[in-house]
Amino acid sequence: MISKISGKIEQLQDDTVSISIDIGVTYEMYIGIYAIPEIQKKIAENEFLELHTYHYLEGNVTSSQMIPRLIGFLSKEERDFFIRFIKVPGISARSGIKALSISPDLIADAIANSNLPVLNELPGIGKKKAEQIVSKLQSQEFEEMFKSKIGNKIGTSSNQNSNTSEATEVLVTQLGYKRSEAENLVIRALEKIDNKASTEDILEEVFRLSN
């Protein structure tokens, strides 16, 4: 089983990235849209990319036409979250990765806090499916396992000072971002700069990440 791949980025497309490793092999992996800014940054800086991977078979079992697929994640915690996420009935590996339009930490936070509007905005996730996700996954174990690992920065970053809220509001009310997208961008910006940065500094970093 392939659990992690590190190498040179050969190609980045809408929902896949290809990574070549030293032995002359290139792996193509599905990725969530949330990961694209980080991968683009790696490309711009000519850095290697390391992805934690999930391997599955796609196809028709009855016809024996099963194709091996890989999905890549920026961290082990994100992969662990995804494995739990696709245990919800009706969410396959393929539909699950398509749903990750925002980072797993935001989704984990939404599940832990029953934030159905955020889950409703995920591609392929309607109201009933959002309710099912919360019903299936929300538990003390889930909160301890995921929110504490990849979701705790929601509280420590996006709510740490009023400037983060102001930056989020600018993105939503003036620039037309969905609130979940705006929160995700602000969090990613704060990972690169001081958590106490001004609203202008946060927005400048957001625009840099978006380009």
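From a predicted model like this one, the values you see are computed outputs, not experimental measurements.

About the thresholds
Residues numbered from 1 in each chain as written. Predicted model: local features only at pLDDT ≥ 70, side-chain atom pairs only at ≥ 80, totals over all residues. Heavy atoms only, no water. Helix = DSSP H or I, 4+ residues; strand = E, 2+ residues; numbered from the N terminus. Buried < 20%, exposed > 50% of the residue type's maximum accessible area, 1.4 Å probe, protein only. Contact = heavy atoms within 4.5 Å. Areas by Shrake-Rupley, 256 points an atom, 1.4 Å probe, with all protein chains shown as cover. Patch = residues over 30% accessible without salt bridge, like charges linked within 9 Å, V, L, I, M, F, W, Y side chains within 5 Å. Salt bridge = Lys/Arg side-chain N within 4 Å of Asp/Glu carboxyl O. Lys, Arg positive; Asp, Glu negative; His and termini not counted. Charge placed at Lys NZ, Arg CZ, Asp CG, Glu CD. Phe/Tyr/Trp six-rings, centres within 6.5 Å; stacked < 30°, edge-to-face > 60°. Lys NZ or Arg CZ within 6 Å of the ring centre and 35° of its normal. Pairing = 2+ DSSP bridges.

*Asks:* For this particular structure, what's the right way to read the overall build of the protein chain?
*Replies:* Within the protein chain one finds eleven helices and five strands. Here the protein chain holds 211 residues, and 44% of them are scored as buried. Contacts spanning at least 24 positions in sequence make up 55% of the contacts within the protein chain whose residues lie at least 6 apart. Accessible surface for the protein chain amounts to roughly 11000 Å². Of this, 48% is attributable to carbon and sulfur atoms.

*Asks:* I keep staring at unusual backbone geometry and nothing clicks. Help me out?
*Replies:* Among all residues save glycine, negative phi is the norm, and among peptide bonds the norm is trans. Of note, the phi angle at Asn46 is positive, near 55°, even though the residue is not glycine. On the accessibility criterion, Asn46 (64% relative accessible area) is exposed. Located in the positive-phi region is Ser114, a residue other than glycine, with phi close to 55°. By the secondary structure assignment, Ser114 is in the loop between α4 (104-112) and α5 (116-120).

*Asks:* Looking at this structure, I do not really get a negative patch on the surface. What am I missing?
*Replies:* Residues Glu166, Glu200, Asp201 and Glu204 make up a contiguous surface patch of negative charge. Counting residues per element, the negative patch draws most heavily on helix α11 (residues 199-210), at three residues. Summarising the element assignment, Asp201 is placed in helix α11. Asp201 gets classed as partly exposed once you look at its relative accessible area, which sits at 39%.

*Asks:* Looking at this structure, how should I read the pattern of salt bridges?
*Replies:* Side chains that differ in sign of charge can pair as their charged atoms come close. According to the stated counting rule, one finds six salt bridges in the structure shown. Lys42 is the partner of Glu47 in a salt bridge, and the nearest nitrogen-oxygen pair spans 3.3 Å. Assessed through its relative accessible area of 34%, Glu47 is described here as partly exposed. Between Arg69 and Glu58 there is a salt bridge, with the nearest N and O atoms lying 3.0 Å from each other.

*Asks:* What's the story with the packing of aromatic side chains in this structure? I'm lost.
*Replies:* Given two aromatic rings, one states the distance between the centres and the angle between the planes to describe the pair. Per the stated rule, a full pass over the model turns up four aromatic pairs. Between the aromatic rings of Tyr54 and Tyr56, the centroid separation amounts to 6.2 Å while the plane-to-plane angle is 20°, which identifies the pairing as stacked. By relative accessible area, which is 22% here, Tyr54 ends up partly exposed. The buried category is assigned to Tyr56, whose relative accessible area is 11%. Arranged with centres 5.0 Å apart and planes meeting at 45°, the rings of Phe73 and Phe82 form a pair that is tilted. The residues Phe73 and Phe82 share a single accessibility class, namely buried. Among the aromatic residues, those joined into a ring-pair cluster are Tyr54, Tyr56, Phe73 and Phe82. When the ring centre of Tyr30 is taken as origin, the NZ or CZ atom of Arg94, which lies over that ring, is 3.7 Å away.

*Asks:* Where do I start with the pairing of strand β4 (residues 49-60) in this structure?
*Replies:* Consecutive side chains along a regular strand alternate between the two faces of the sheet. For strand β1 (residues 4-12) and β4, the ladder comprises four bridges, and the chain directions are antiparallel. Residue pairing for β4: Lys4 is matched across the bridge by His52. As paired strands, β4 and strand β5 (residues 65-73) are joined by nine bridges and run antiparallel to one another. Each residue of the ladder has a partner; that of His52, found in β5, is Phe73.

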